Amino acid sequence: MRDIGEEGGRAGRREGRSVFFVDPPAFCTTVERLVAPALRSRPVAVAPPGADRATVLALSDEARGAGITRGMAVRQAKKLCPDLVLLPPNPELYARASRALHEVLRIYAPVIEPRGYGHAFLDLSGTERLFGPAIDVAARIHREVRERIGLPLSVGVAINKLVSEAAATVGAGDVGAGCIRPLPAGYIAPLQVSAGDEERFLAPHRMDVLPEVPAEIRKRLDDYQLELIGEVAAISESDLCAVFGRPGRELKSRTRGIDLRPVLPPEVRAEYHVSHTLATDTNDWGILHPLLRRFTEQLGRRLRQRHLAARRLTVAIDYTDYTSARRFVVLSDALLDLELWDAARRALTLAMTRRVAIRMISVTVGRLVESGLQLDLWDTMETTEAGDRKRTKPLPNGPLNPDVRSAAMQRALDTITTRWGRRVLSPHTIHGATDGSQRDVTAGIRSGNGQHPQSVGAPAR
Amino acid sequence: MKFTITREKLQEGLGAVAASIPTKTTLPVLSNILVEALKDGLRLSGTDLDIAVSTTIPASVDQEGAITLPARKLVDIVRELPSASIKIASSGEQRVSIDCGKSRFKLLGLPREEFPAFPSVKFDGGWKVGSKDLLKLISHVAFAASTEESRPILNGVLWELKPDRMRMVATNGHRLARMDVPITGAGGTQADLIVPPKALEQIRRLFASDQEIEIARSENHLGFRSASTQVFTRLIEGPYPNYEQVIPRENDRLATADKAALTSALRRMSIVASDQTHRIRMAFANGVCKLSVQTPDLGEAQEELAVGYDGDPLEIGFNASYLLEILKYMPTDEVRLTFKAPERAATCEPVGWDDPASYLTLVMPLRLID
């Protein structure tokens, strides 16, 4: 166990906050190796199958050692490492492993904010009398996860999310090309940054360690040859604002280890995201619309499972010339596939202002609220004597209440897919097309590239 | 065109018409007011193509004619002029001069031919209703109409005209307001009309409460006419939802409360309620209503209110803003709330209302997760 700045600092044990960041290094490939031990010690990468332009989504340390990085084209990765074992993404497996990991975390943490497969922020503030010092809890979590699931963990402990994530990154030595120290072969000791020592801890590290810094700011800092966090922290806020505008103030705060974001449970999680890199750049609506349909089904399922509704949907696109555009549409507590799909098409129409092919498309639903709280006059619920809620049929009032009818249809579809699986109801035609342009969605996706969407939630690591 | 008018009369006429002028439009002439100098006075008209308003004001007309003038500029100029008579004269098709005291303006307009024609609605054989009854219906019901686009039909107010009564109903799917007013000698035939609330708001604003209003419909327009003012609106087409089936008949738990006290308590609770759901909890038992709110990221609040309630204990959740809005339009100091179950519609009615009209509002609860 390591404790940076044991003596504490000027802030002392400020507000008694204790935030953990749990980072299972190379989570996807590690999980794949747990189910296929023959892959151990071999360079492994996860990438969508059957497409030369697919990019690497996750990779093992051996693959990284061969010079492969996340986001690299599969073709290039194979050139660098001919022995590379390519595995298709297995979201169900990763989700199962994440659930198993969170079961352990839930023993200790009252509030967990998942962040992509396996990764999570934990807020253990106020649990010291119950579980003991934070660093001991981190060690216990580390040991139990290793024993129960077989996953190595890097755990960072600090008073906020920013520094705990940086500490976990430093602990894992996982800083991409600018690797600070080699990843230890076995045990990765939890790393705690004492309250008040955030700035001193961050200062000697490269900017790569600092999370939540936009790519364009990183690039400009690189142009100015400002490589260390401490070098940026030494610049006055007014000078940073003169260069970066308003984000300069936030950059100053972050380099000093200041972060006021709370740890939020999934119920109040800010947004869900899904993205996809196309096999062949295109701006053909016949390919993009069915893709949006698939995305919105995934996002809609997530929202409904968590009883959430979205009030904003954003579509972001990367053009083939590496410029990007994004547009959002405001929703009225949307959680049905058709609502989301309609909004996604509108947002895509707004975003696609150029006659240039698209290489990547993503959909994000945000401003999430609890759904189904407000009861509708034409869709009543009854509580049975046993206390169970029984939904009565929507009252018959013709075509005037599409919300209720659509919701009833969505419930029926969800019931079928929950019982028989998602593939049993592969969408064949696009429902609700008002222009009469019904088309075969499955064919559209197959003609796209046959890839699976890259990820749901935060990107896989 | 040449006429003289007092500043007050012109300002009054412009005020009546200006509200129908759209703030943003792709058709430039819609930003203008049609000014027509007629034998019997000055007629001002404006439209956004959904609603058209026309009003006639007394003026001394020396020469008849018409022109359209930019509404906002004309309103601003007249507002700033001193209280004196204003002389307006046109020179050509697109220019007018405005003289008042020592002030002189020249304003460019557009030819009247570009102004869209008003809907042709024949008032012969229409209905005649007292504006007092109509305004009462509008002011108590129109607020409940939906403003969301997901169910367009709910963006309108259902107006049922029958020989012996008028009824208005509006709902957004979560709350509903219904009012009946008995009438006599309205004429016309029985009709169900779905009217945009914006048009009803214009009616409420433009017609005094002691007038008789003539009402007539064409195929998809509705016209309102008094001695000096006409309003036309496009009707919303389609069948209105069967609202009768959602009005609860079996609510057997009754509570009476002081409107002002309940409103104050709800206002206090809603400060701490979620900005998204406005959820508050109301627990009725033994003559007391315990209001409480708990918002995880913010805090909590409780308050007790004396009410007339002797039914079984009941806990029910509501969107506080829906309740506050309903209470705002309740015409009496005391209100009666009725319930059946926590997930069934609740009603709110005035108690002791000395009026021939009958008024009912209902609101669906918010589900209490715990």
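It should be emphasised that the depicted structure is a prediction, and the values quoted were computed from it without experimental measurement.

Engineer: Sorry if this is basic, but what is going on with the overall build of chain B here?
Structural biologist: Helix and strand counts for chain B come out as 6 helices and 26 strands. Buried residues in chain B amount to 51% of all 370 residues. Sequence-distant contacts in chain B: of pairs separated by 6 or more residues, those separated by 24 or more amount to 67%. Surface exposure of chain B reaches about 17,200 Å², of which carbon and sulfur atoms provide 47%.

Engineer: It is not clear to me how the overall build of chain A should be interpreted in this structure. Could you clarify?
Structural biologist: In terms of helices and strands, chain A carries 16 helices and 16 strands. Taking all 461 residues of chain A together, 51% fall into the buried category. A separation threshold of at least 6 residues defines the contact pool for chain A, and within that pool the share at least 24 residues apart is 68%. By element, 51% of the accessible surface of chain A is carried by carbon and sulfur atoms, the whole surface being about 22,200 Å².

Engineer: What is the right way to read the packing of helix H5 (residues 259-272) of chain B against helix H6 (residues 320-328) of chain B from this model?
Structural biologist: Helix-helix packing is described using two parameters, namely the angle between the two axes and the distance between the axes. Residue and element names in this part refer to chain B. Following both chains from N to C, one finds H5 and H6 inclined at 155 degrees, their axes separated by 10 Å at the closest point. As judged from the angle between their axes, H5 and H6 are roughly antiparallel. The handedness of the crossing between H5 and H6 comes out as left-handed. Where H5 approaches H6, its residues Lys259, Leu262, Thr263, Leu266, Arg267 and Ser270 are matched on the opposing element by Ala320, Leu323, Leu324 and Leu327. Residues belonging to the contact of H5 with H6 are distributed by class as follows: 6 nonpolar, 2 polar and 2 charged.

Engineer: Which parts of the structure should I look at to understand the pattern of salt bridges?
Structural biologist: Pairs can form between side chains of opposite charge whenever their charged atoms are close. If you walk through the whole model with that rule in mind, you get 40 salt bridges over all chains. Salt-bridge contacts for Lys161(A) lead to Glu113(A); the nearest nitrogen and oxygen are separated by 2.8 Å. On the criterion of sequence distance, the pair formed by Lys161(A) in helix H7 (residues 161-172) and Glu113(A) in strand S6 (residues 111-114) is long-range, its members being 48 residues apart. Looking at Glu113(A), the relative accessible area reads 12%, which means it is buried. Note that Arg249(B) and Glu244(B) form a salt bridge whose closest N and O atoms lie 3.0 Å from each other. Accessibility expressed as a relative area gives 59% for Arg249(B), which makes it exposed. Overlapping salt bridges, with partners in common, bring together Glu160(B), Arg165(B), Arg167(B), Asp180(B), Glu244(B) and Arg249(B) in one network.

Engineer: In this structure, what is going on with H7(A)? I would like to understand it.
Structural biologist: Working note: α-helix, 3.6 residues per turn, so residues spaced by three or four point in the same direction. Residues and elements named next belong to chain A. For H7, spanning 12 residues, the distance from its first C-alpha to its last is 16 Å, which sits close to the expected 16 Å at 1.5 Å a residue. Judged by how many residues are buried, H7 sits mostly within the fold: 12 of 12 residues are covered. All of the buried residues in H7 are Lys161, Leu162, Val163, Ser164, Glu165, Ala166, Ala167, Ala168, Thr169, Val170, Gly171 and Ala172. Where H7 begins, the capping side chain belongs to asparagine 160, and its oxygen is found 3.3 Å from the backbone nitrogen of leucine 162.

Engineer: In this structure, what is going on with unusual backbone geometry? I would like to understand it.
Structural biologist: Residues other than glycine predominantly adopt negative phi, and peptide bonds predominantly adopt the trans conformation. Its identity as a non-glycine residue notwithstanding, Ala26(A) has a phi of 45 degrees, on the positive side. Here Ala26(A) lies in the loop between strand S2 (19-23) and helix H1 (27-35). Notably, His278(B) is not glycine yet its phi reads approximately 55 degrees, a positive angle. The topology assignment puts His278(B) in the loop between H5 and strand S19 (279-285).

Engineer: Looking at this model, I keep getting lost on the environment of Gly185(B). Mind explaining?
Structural biologist: Relative to the helices and strands, Gly185(B) resides in the loop between strand S13 (175-182) and strand S14 (191-195). C-alpha separation for the pair Gly185(B) and Lys128(B), spaced 57 residues apart in sequence, amounts to 7.6 Å.

Engineer: Looking at this structure, I do not really get helix H6 (residues 134-148) of chain A. What am I missing?
Structural biologist: Residues and elements named next belong to chain A. Helix length check: H6, at 15 residues, gives a terminal C-alpha distance of 21 Å against a target of 21 Å (1.5 Å per residue), a fit within 8%. Ala134, Ile135, Val137, Ala138, Ala139, Ile141, His142, Glu144 and Val145 are the residues of H6 that are buried. Positive phi shows up at glycine 150, right after H6, with a value of about 85 degrees.

Engineer: I tried to follow the sheet that holds strand S6 (residues 65-70) of chain B on my own but got confused; where do I start?
Structural biologist: Where strands meet in a sheet, backbone hydrogen bonds hold them as pairs that are either parallel or antiparallel. Residue and element names in this part refer to chain B. Strand order in the open sheet formed by 8 strands is S6-S2-S3-S4-S17-S16-S15-S10, with antiparallel pairing between adjacent strands. Each end of this open sheet is capped by a strand with a single partner; those strands are S6 and strand S10 (127-130). Strand after strand, the sheet turns through a mean of 20 degrees between neighbouring axes, direction not considered. Pairing geometry for strand S3 (residues 41-47) and strand S4 (residues 51-57), over 6 bridges, is antiparallel. If you follow glycine 46 over to S4, its bridge partner there is valine 53. Against the sheet, helix H2 (residues 71-80) touches strand S2 (32-38) and S6, its axis set at about 90 degrees to S6. Together, S4, strand S16 (221-225) and strand S17 (229-234) form the strand contacts of helix H4 (residues 197-206), whose direction differs from that of S4 by roughly 15 degrees.

Engineer: Would you explain the packing of aromatic side chains in this entry?
Structural biologist: For the structure on display, the rule yields 11 aromatic pairs over all chains. Seen in terms of ring centroids, Phe21(A) and Phe121(A) are 4.7 Å apart; in terms of plane orientation they differ by 45 degrees. Their pairing is tilted. Of this pair, Phe21(A) sits in strand S2 while Phe121(A) is found in strand S7 (residues 120-123), placing the two residues 100 residues apart along the sequence. For Phe21(A), a relative accessible area of 1% translates into the label buried. On the basis of an interplanar angle of 65 degrees and a centroid distance of 5.3 Å, the ring pair of Tyr108(A) and Phe131(A) is categorised as edge-to-face. Separated by 23 residues along the polypeptide, Tyr108(A) in helix H4 (residues 91-108) and Phe131(A) in helix H5 (residues 128-131) bring together distant segments of the chain. In this structure, Tyr108(A) and Phe131(A) share a single accessibility class: buried. An aromatic cluster of three or more residues is present, and its members are Phe115(B), Phe118(B), Phe123(B) and Phe232(B). Sitting over the face of the ring of Phe328(A), Arg312(A) holds its NZ or CZ atom 3.7 Å from the ring centroid.

Engineer: Honestly, the sheet that holds strand S3 (residues 44-46) of chain A in this entry has me stumped. Any pointers?
Structural biologist: All names here are of chain A. Reading across the sheet, the 3 strands line up as S4-S3-S5 and stay open at both edges, with mixed pairing between neighbours. The open sheet has two free edges, formed respectively by strand S4 (58-59) and strand S5 (85-87), since each of these has just one partner strand. Direction of pairing for S3 relative to S4: antiparallel, over a ladder of 2 bridges. Residue pairing across strands places valine 46 opposite alanine 58, the latter belonging to S4. The sheet contacts of H1 involve S3, S4 and S5, and relative to S3 the element is tilted by about 115 degrees.

Engineer: Got a minute to help me understand a nonpolar patch on the surface in this structure?
Structural biologist: Residue and element names in this part refer to chain A. Taken together, the side chains of Ile416, Trp420, Val424 and Leu425 define a hydrophobic patch exposed on the protein surface, amounting to about 380 Å² of accessible area. By secondary structure assignment, the location of tryptophan 420 is in helix H15 (residues 402-420). Judged by its relative accessible area of 58%, tryptophan 420 falls in the exposed class.

Engineer: Even after reading the chapter, I still don't get the packing of H4(A) against H6(A), so can you show me in this structure?
Structural biologist: Residues and elements named next belong to chain A. At a minimum axis separation of 10 Å, H4 and H6 run at an interaxial angle of 150 degrees. Judged on the interaxial angle alone, H6 and H4 are roughly antiparallel. In terms of crossing hand, the pair formed by H4 and H6 is right-handed. Contacts from Leu101, Val104, Leu105, Ile107 and Tyr108 of H4 reach H6 at Val137, Arg140, Ile141, Glu144, Val145 and Arg148. Per-class residue counts for the contact of H4 with H6 are 8 nonpolar, no polar and 3 charged.

Engineer: Explain the nonpolar core here, please?
Structural biologist: For soluble globular proteins, nonpolar side chains are generally found buried alongside one another. Leu10(B), Leu134(B), Trp159(B), Phe224(B), Ile280(B), Met282(B) and Phe284(B) are the most contacted members of the largest nonpolar core, which has 100 residues in total. Ranked by the residues each element gives to this core, the list is headed by H6(B), at 6 residues. Leave out the neighbours within four places in its chain, and Phe224(B) touches Phe123(B), Leu134(B), Trp159(B), Ile203(B), Phe207(B), Ile213(B), Glu214(B), Ile215(B), Thr229(B), Gln230(B), Val231(B) and Thr233(B). Core analysis: the next-biggest nonpolar cluster, separate from the first, contains 33 residues, Ile317(A), Tyr319(A), Ala343(A) and Ala351(A) among them.

Engineer: What am I meant to see in the pairing of strand S26 (residues 358-363) of chain B here?
Structural biologist: Consecutive side chains of a regular strand alternate in pointing toward one face of the sheet and then the other. Residue and element names in this part refer to chain B. Of all 6 residues in S26, 5 are buried, a share of seventy percent or more. Relative to S26, S13 is paired through 6 bridges, and the arrangement is antiparallel. Within S26, the position partnered with aspartate 180 by the bridge is serine 358. Alignment of strand S25 (residues 346-350) against S26, held across 3 bridges, turns out to be antiparallel. Within the sheet, the bridge partner assigned to cysteine 348 lies in S26 and is threonine 361.

Rules used in this analysis
Residues numbered from 1 in each chain as written. Chains lettered and ligands numbered in written order. Predicted model: local features only at pLDDT ≥ 70, side-chain atom pairs only at ≥ 80, totals over all residues. Heavy atoms only, no water. Helix = DSSP H or I, 4+ residues; strand = E, 2+ residues; numbered from the N terminus. Buried < 20%, exposed > 50% of the residue type's maximum accessible area, 1.4 Å probe, protein only. Contact = heavy atoms within 4.5 Å. Areas by Shrake-Rupley, 256 points an atom, 1.4 Å probe, with all protein chains shown as cover. Axes fitted to C-alpha atoms, helices over the stretch in contact; angles between N-to-C directions. Parallel < 35°, antiparallel > 145°, perpendicular 65-115°, else oblique. Left-handed = near helix turned anticlockwise from the far one by under 90°. Nonpolar A, V, L, I, M, F, W, Y, C, P; charged D, E, K, R; others polar. Salt bridge = Lys/Arg side-chain N within 4 Å of Asp/Glu carboxyl O. Expected span 1.5 Å × (residues − 1). Polar contact = N/O pair within 3.5 Å; in protein donor to acceptor, adjacent residues only side chain to side chain. Pairing = 2+ DSSP bridges. Phe/Tyr/Trp six-rings, centres within 6.5 Å; stacked < 30°, edge-to-face > 60°. Lys NZ or Arg CZ within 6 Å of the ring centre and 35° of its normal. Patch = residues over 30% accessible without salt bridge, like charges linked within 9 Å, V, L, I, M, F, W, Y side chains within 5 Å. Core = buried A, V, L, I, M, F, W, Y, C linked by side-chain atoms within 4.5 Å.

Such coordinate-based values are descriptive only and should not be taken to indicate function.
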